[in-house]
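# Architecture at a glance
Now for the letters of each chain:
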Amino acid sequence: MDISKQVVQLKKALNSSRYTIAITGAGISFSAGGMNFDHENVEELLPLASEDVLRNEPEKYYKLLDHAFLHSMFAHEPSYAHKALRRLEIDGLLQGIITTNVDCMHTIAGSENVAEIQGSLQINRCTKCGKHFDDYHIWSHGTIPRCDECGDVIWTFPFYSNVGLHEGNLKKARNWISKADLILIIGANGSYGNAYFNARKRSAEIIQINPGETNFDSFASINIRAGADEVFRMIV
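Structure report, in brief. (Residues numbered from 1 in each chain as written. Predicted model: local features only at pLDDT ≥ 70, side-chain atom pairs only at ≥ 80, totals over all residues. Heavy atoms only, no water.)

### Brief notes about the overall build of the protein chain
Here is the rule: Counting from the N terminus, the helices are DSSP H or I runs at least four residues long and the strands are E runs at least two residues long. Atoms considered for the radius of gyration are the C-alpha atoms alone. The globule rule reads 2.2 Å times the number of residues to the power 0.38. To sort residues, take the accessible area from a 1.4 Å probe on protein chains only and compare it with the maximum for the residue type: under 20% means buried, over 50% means exposed, and anything in between is partly exposed. By the convention used here, residues are in contact when the closest approach between their heavy atoms is within 4.5 Å. Methods summary: accessible areas were calculated by the Shrake-Rupley approach with a probe of 1.4 Å, and residue burial reflects only the protein chains presented.
Across its full length, the protein chain holds nine helices and eight strands. The C-alpha radius of gyration computed for the protein chain amounts to 18 Å, which stays within 12% of the reference 18 Å derived for 236 residues, consistent with globular compactness. Over its C-alpha atoms, taken along the principal directions, the protein chain stretches across nearly 55 × 30 × 30 Å. A total of 236 residues make up the protein chain; the buried ones form 52% of that total. Taking as baseline every contact in the protein chain between residues at least 6 positions apart, the subset at least 24 positions apart corresponds to 61%. As presented, the protein chain carries roughly 11,100 Å² of accessible surface, and 47% of it is formed by carbon and sulfur atoms.

Structural data, given as structure tokens:
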């Protein structure tokens with residue numbers, strides 16, 4: 001089907017839905033400088049996030065974060081799609097965003113209802129005393145942040161959890177998706193099924209925006225094969 005016709009259907013779905021949730025993945029951040037891990041040698045990068053490197057060579061840990069996330073967070077603006085989701089939230093057409101991204105771009109764009117199920121760089125704690133520093137701005141100074149209580153290195157959730165799932169955000173995600181009449185999937189590849197996706201209402205309409213095939217294809221009633229920025233410029 002022609003993309004413009006699919007976008008018309010998407011607009012109608014947005015306007016008729018009483019409760020809409022967006023699920024976003026790495027694809028929404030590509031145009032904002034985000035890393036495409038499918039094109040990176042992750043096996044080479046992950047050892048730099050080990051506890052041994054953190055404690056003995058923290059500058060390597062910071063270098064990894066800067067390469068993977070920090071440069072795009074602080075050198076680029078959120079993408080058009082990030083900003084469009086905030087606009088939909090303001091207009092009452094979007095009730096929440098569930099994301100696997102850790103780059104804080106939805107927060108930077110101004111979105112208020114965001115469930116970061118893998119945590120993010122705004123969830124941080126001291127490796128020694130455990131004090132929390134839940135603000136992404138601590139990473140904006142060009143060096144690894146240290147605790148103002150004990151002076152030890154601050155570690156961010158995606159690494160101190162070994163890329164685990166954040167229970168508080170998962171709880172929000174399950175609650176939101178269980179209410180949704182419309183689910184927009186934007187630049188995401190996998191559903192984390194038992195974690196939250198299976199909590200959706202089976203009557204919910206699912207519309208996907210992604211230029212390539214994903215694990216969501218069989219769930220979606222409409223698969224819009226285009227980038228998120230292109231689609232949202234036609235909507236917002």
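### With respect to the environment of Gly 119
Relative to the helices and strands, Gly 119 is located in the loop between β3 (114-116) and β4 (124-126). Residue Gly 119 is classed as buried on the basis of its relative accessible area of 0%. Measuring from C-alpha to C-alpha, the distance between Gly 119 and Ala 226 comes to 27 Å, with 107 residues separating the pair along the chain. The contacts of Gly 119, once residues within four sequence positions are left out, are Asn 101, Val 102, Phe 157, Pro 158 and His 166.

### What about helix α5 (residues 80-90)?
Within α5, burial applies to Ala 81, His 82, Ala 84, Leu 85, Arg 86, Leu 88 and Glu 89. Contact partners of the buried residues in α5: α1 (3-16), β1 (20-24), β2 (96-99), α6 (105-108), β6 (182-186) and α9 (228-233). Taken from the residues just after α5, Gly 92 is the one with a positive phi, measuring 80°.

### Thoughts on the pairing of β1
Under the convention used in this document: When DSSP finds at least two bridges between two strands, those strands are taken to pair.
A large share of β1 lies buried, amounting to five of its five residues. Residues of β1 alternate between two faces, with Thr 20, Ala 22 and Thr 24 on one and Ile 21 and Ile 23 on the opposite face, all of them buried. Two strands pair when backbone bridges link them, and β1 and β6 are joined in this way by five bridges, in the parallel orientation. Counted as the bridge partner of Ile 21 is Ile 183 from β6.

### Some points on the pairing of strand β7 (residues 205-209)
For β7, the buried fraction is high: four of the five residues fall into the buried class. Direction of pairing for β6 relative to β7: parallel, over a ladder of five bridges. The residue bridging Leu 184 from the neighbouring strand is Ile 207, located in β7. Relative to strand β8 (residues 222-224), β7 runs parallel, the two being bridged by three bridges. Residue pairing across strands places Ile 207 opposite Ile 222, the latter belonging to β8.

### What to know about the nonpolar core
Note the cut-off: Residues belong to a common nonpolar core when they are buried Ala, Val, Leu, Ile, Met, Phe, Trp, Tyr or Cys residues joined through side-chain atoms within 4.5 Å.
Formed by 26 residues in total, the largest nonpolar core has its most connected members in Tyr 61, Leu 65, Phe 69, Leu 70, Met 73, Leu 121 and Trp 139. For this core, the secondary structure elements donating two or more residues are α4 (58-75), β5 (154-156) and α7 (157-160). Here the element with the most residues in this core is α4; it accounts for eight residues. Sequence-distant contacts of Leu 65, defined by excluding residues within four places in its chain, comprise Leu 70, Leu 121, Trp 139, Thr 156 and Phe 159.

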